[in-house]
Every structure is written in C-alpha cells, then in structure tokens.
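Listed below are the residues making up each chain.
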Amino acid sequence: MDVIIELISGIRSIRGESNISPSIELDAILKPKSPDVRTILEGHINLVKRLARVKGLSFVEEDAPKRERLCSNGRHGNIHTA
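Residues numbered from 1 in each chain as written. Predicted model: local features only at pLDDT ≥ 70, side-chain atom pairs only at ≥ 80, totals over all residues. Heavy atoms only, no water.

Chemist: In this structure, what is going on with the pattern of salt bridges? I would like to understand it.
Modeler: Pairs can form between side chains of opposite charge whenever their charged atoms are close. One pass over the full model with this rule turns up two salt bridges. The salt bridge involving Glu25 is made with Arg53; its shortest N-O contact spans 3.6 Å. One end of the pair, Glu25, is in the loop between helix H1 (2–18) and strand S1 (26–32); the other, Arg53, is in the loop between helix H3 (45–52) and strand S2 (54–59), and 28 residues separate them in sequence. Its relative accessible area of 37% is what places Glu25 among the partly exposed residues. In this structure, Arg38 and Glu42 form a salt bridge, with 3.0 Å as the shortest nitrogen-oxygen distance. Of this pair, Arg38 and Glu42 both sit in helix H2 (residues 35–43), four residues apart, which is roughly one turn of that helix. Among the residues examined, Arg38 registers a relative accessible area of 27% and is labelled partly exposed. For Glu42, a relative accessible area of 40% corresponds to the partly exposed category. (Salt bridge = Lys/Arg side-chain N within 4 Å of Asp/Glu carboxyl O. Helix = DSSP H or I, 4+ residues; strand = E, 2+ residues; numbered from the N terminus. Buried < 20%, exposed > 50% of the residue type's maximum accessible area, 1.4 Å probe, protein only.)

Right under this line is the structure:
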C-alpha cells in the first residue's frame, strides 16, 4: 500500500510546488522501478485517479529517457506530468 500512498503524495507534491489547483485534473506519466510496482499501480489505477485528481495515467519503462516536465522522484519510481 505504500506504493499507492507514495504515488498520490508525489502527485500532490507536484501540485503544491507548482501552485496547481487541486480542481485541475492532470495527466501523469509513471516510471515504475520494477514490474511488481507497475502491477500494483495498475491494480489500483481508479483509486489513484480519484484521490490524486488525475484524468490520465500512463506508464513508461524504467530506461525511457527523462522528460523536461514537472517531476517527483520516489523509492518506487518517478512521476512526470504531461
């Protein structure tokens, strides 16, 4: 469950640091550190969307190039806004 909590906290941190209102739904790009983390996130995607107020969640592989976007790095992976 800490994977889910970390993801939601990361998205909320991006919002807070960037002065993005919680009423604005973001698109998020997730870069999980392992297939197990991705499986956990995929199993709870609707919960994450609702609690983090995001409209879209997509995944990229761990070795995908970094993007110049708002970002939060965590133990289980990285979050980028779209």
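Read on for the rest.
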